[in-house]
Amino acid sequence: RPRVLSGIQPTSGSFHLGNYLGAVRQWVAQQETHDAFYMVVDLHALTVVQDAEALRANARIAAAQLLAAGLDPERCTVFIQSHVPEHAQLAWVLNCLTGFGEASRMTQFKDKSVKQGADRTTVGLFTYPVLMAADILLYRSDAVPVGGDQRQHLELTRVLAERFNARYGETFTVPDAFIVPETARITDLQDPSVKMSKSASTPKGIVNLLDEPRSSAKKIRSAVTDTDTVIRYDEEKKPGISNLLTIYASLADTTVAELEQRYEGKGYGALKTDLADVLLDWVTPFRDRTREYLDDPGTLNSILAQGAEKARAVAAETLALVYERVGFLTAK
Ligand code: TYM
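Residues numbered from 1 in each chain as written. Predicted model: local features only at pLDDT ≥ 70, side-chain atom pairs only at ≥ 80, totals over all residues. Heavy atoms only, no water.

By the naming in an unreviewed UniProt entry, the protein chain goes by Tryptophan--tRNA ligase and is assigned to Streptomyces zingiberis.

So, in structure tokens, the structure goes:
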């Protein structure tokens, strides 16, 4: 079985609809076809200031959501990044292989560092993509299921893998990004020109999966569309309605073409009301399942402990090989 690995940040508790449709949904599908590793990336979360207790709580909430979304610890490995020290260890080696200019060209870094200002931007934010490369290469992943915003980081990961292999001999698998084009970029419900995101979206523009379901349904019903009335997918001219069609098709397991047919001659209101119901029907049990995992810390802890053990077995083997290749002395 080919291997996949991916990660999600435990930022501020709830996942949003973009995280789910762009990434986690694919993770659930790929546990059936791949040797799959999925993690909560708490090391990455530290690149913005975090309250310690909140970070700890959010890592658990993130793990509970992954299970609630359908990841099955019998079928895949679910773990917390900080439980596997090899991630930070490999990141150091890769840091020494990454050009300063190369890292400076990462657009997410550029955007975020401009927003934060030079004095508040940490070196951790700068090397964030290198840590991400370490995450992926440690497991010799064949594919990495992510949303479109991670494409450039995947490109850097491939470059670093090839560079290491060329310098030290075949060691890493050069991974492919696995990006589903239809759901690669779920947009903000109030401003369809930007992606739905924790940092940029207004409360009305983002659907957080753990919010009160009725309030999420309401956000769908008041999503910004256009003054036309025809329900047709057209990203350029009708970005708002196109985003709703994408969300609808994905959640209801149908196609945009089928929806266009179904809603021919009907107004935006009908589509929004139905999509709000579809969302409500999905998100309500999701939220309940998340709550159940959080109410049973024994089970959650043991799933994560088991996940960490399985992950470490793979990670330690790769790191040992890397340490040997780069010329570190063995301790015994
Ligand atoms: P993060 O936590 O920002 O997002 C998790 C996943 O959700 C996807 N995503 C979206 N997809 C579609 N539309 C959107 N509006 C949207 N917003 C977010 C992201 O592309 C991502 O797949 N750097 C990563 C975490 C990471 C990682 C890794 C991923 C760390 N190490 C190793 C893969 C492999 C991140 O910050 O994702």
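**Student:** Explanation requested: helix α1 (residues 17-30) in the structure shown.
**Tutor:** Every α-helix winds through 3.6 residues per turn, so residues three or four apart in the chain are directed the same way. The terminal C-alpha atoms of α1 lie 19 Å apart, and with 14 residues this matches the ideal 20 Å at 1.5 Å per residue to within 8%. Taking the largest bend as the criterion, α1 deviates by roughly 40 degrees, centred on Ala23. The element α1 is extensively covered by neighbouring structure, given that 11 of its 14 residues are classed as buried. Along α1, the residues that are buried comprise Leu17, Gly18, Tyr20, Leu21, Gly22, Ala23, Val24, Gln26, Trp27, Val28 and Gln30. (Helix = DSSP H or I, 4+ residues; strand = E, 2+ residues; numbered from the N terminus. Expected span 1.5 Å × (residues − 1). Bend = angle between axes of the 7 residues up to and from the residue. Buried < 20%, exposed > 50% of the residue type's maximum accessible area, 1.4 Å probe, protein only.)

**Student:** Looking at this model, I keep getting lost on the UniProt feature "binding site: L-tryptophan" (unreviewed entry) in the protein chain. Mind explaining?
**Tutor:** Under the feature "binding site: L-tryptophan" (unreviewed entry), the UniProt entry names Asp135. Tracing the backbone through its elements, the reader meets Asp135 in helix α7 (residues 123-138). Taking relative accessible area as the criterion, Asp135 reaches 3% and is therefore assigned buried. Apart from residues no more than four positions distant in its own chain, Asp135 is found in contact with Leu5, Met39, Val41, His44, Gln81 and His87. Engagement of the side chain of Asp135 in a polar contact is seen with the side chain of His87, the distance being 2.7 Å. (UniProt positions renumbered as here; feature names shortened; annotations may be inferred. Contact = heavy atoms within 4.5 Å. Polar contact = N/O pair within 3.5 Å; in protein donor to acceptor, adjacent residues only side chain to side chain.)

**Student:** What exactly am I supposed to notice about the pattern of salt bridges here?
**Tutor:** Any two side chains of opposite charge can pair, given that their charged atoms come close. Scanning all chains against the criterion turns up 15 salt bridges. Arg75 serves as the salt-bridge partner of Glu32, at 3.2 Å between the closest nitrogen and oxygen. In this pair, Glu32 sits in the loop between α1 and β2 (35-40) while Arg75 sits in the loop between α3 (52-68) and β3 (77-80), placing the two residues 43 residues apart along the sequence. A relative accessible area of 40% places Glu32 in the partly exposed class. Here the salt bridges share partners, and the residues they tie into one network are Glu32, Asp72 and Arg75. (Salt bridge = Lys/Arg side-chain N within 4 Å of Asp/Glu carboxyl O.)

**Student:** Would you mind showing me how to read the site of the ligand here?
**Tutor:** Inspection of the region around the ligand gives 27 residues, with Gln9, Tyr128, Asp135, Asp149 and Ile186 positioned closest. Contact distances for the ligand include 2.8 Å between an oxygen atom and a backbone N or O atom of Gln9. Between a nitrogen atom of the ligand and a main-chain N or O atom of Met196, the distance comes to 3.0 Å. When isolated, the ligand has an accessible area of 710 Å², and the protein chains bury 95% of it. A majority-of-atoms criterion places the ligand in the largest pocket. At the level of secondary structure, the elements contributing two or more residues to the shell around the ligand comprise β1 (3-8), α1 and α7. Taken together, the residues of the shell around the ligand sort by class into 12 nonpolar, 11 polar and four charged. (Near = heavy atom within 4 Å. Areas by Shrake-Rupley, 256 points an atom, 1.4 Å probe, with all protein chains shown as cover. 1 Å grid on protein atoms, 1.4 Å probe; cavity = no way out; pocket = protein on both sides within 12 Å on 5 of 7 lines; lining within 4 Å. Sits in = over half its atoms within 2 Å of the grid points. Nonpolar A, V, L, I, M, F, W, Y, C, P; charged D, E, K, R; others polar.)

**Student:** Honestly, the side chain of His44 in this entry has me stumped. Any pointers?
**Tutor:** Within the fold, His44 resides in helix α2 (residues 42-45). A polar side-chain atom of His44 sits 3.3 Å from a polar atom in the side chain of Gln81.

**Student:** I would appreciate a short explanation of the pairing of β2 in the present structure.
**Tutor:** One face of the sheet, then the other: side chains in a regular strand alternate in exactly this way. Counting buried residues along β2, five of its six residues qualify, which places the element largely inside the surrounding structure. Sheet analysis places β1 next to β2, joined by six bridges and oriented parallel. In the strand pairing of β2, Ile8 is matched with Val40. Crossover β1 to β2 through α1 is right-handed. Here four bridges tie β2 to β3, and the two strands are oriented parallel to one another. Looking across to β3, one finds that Val40 is bridged to Ile80. (Pairing = 2+ DSSP bridges. Right-handed = clockwise from strand over helix to strand, strands pointing away.)

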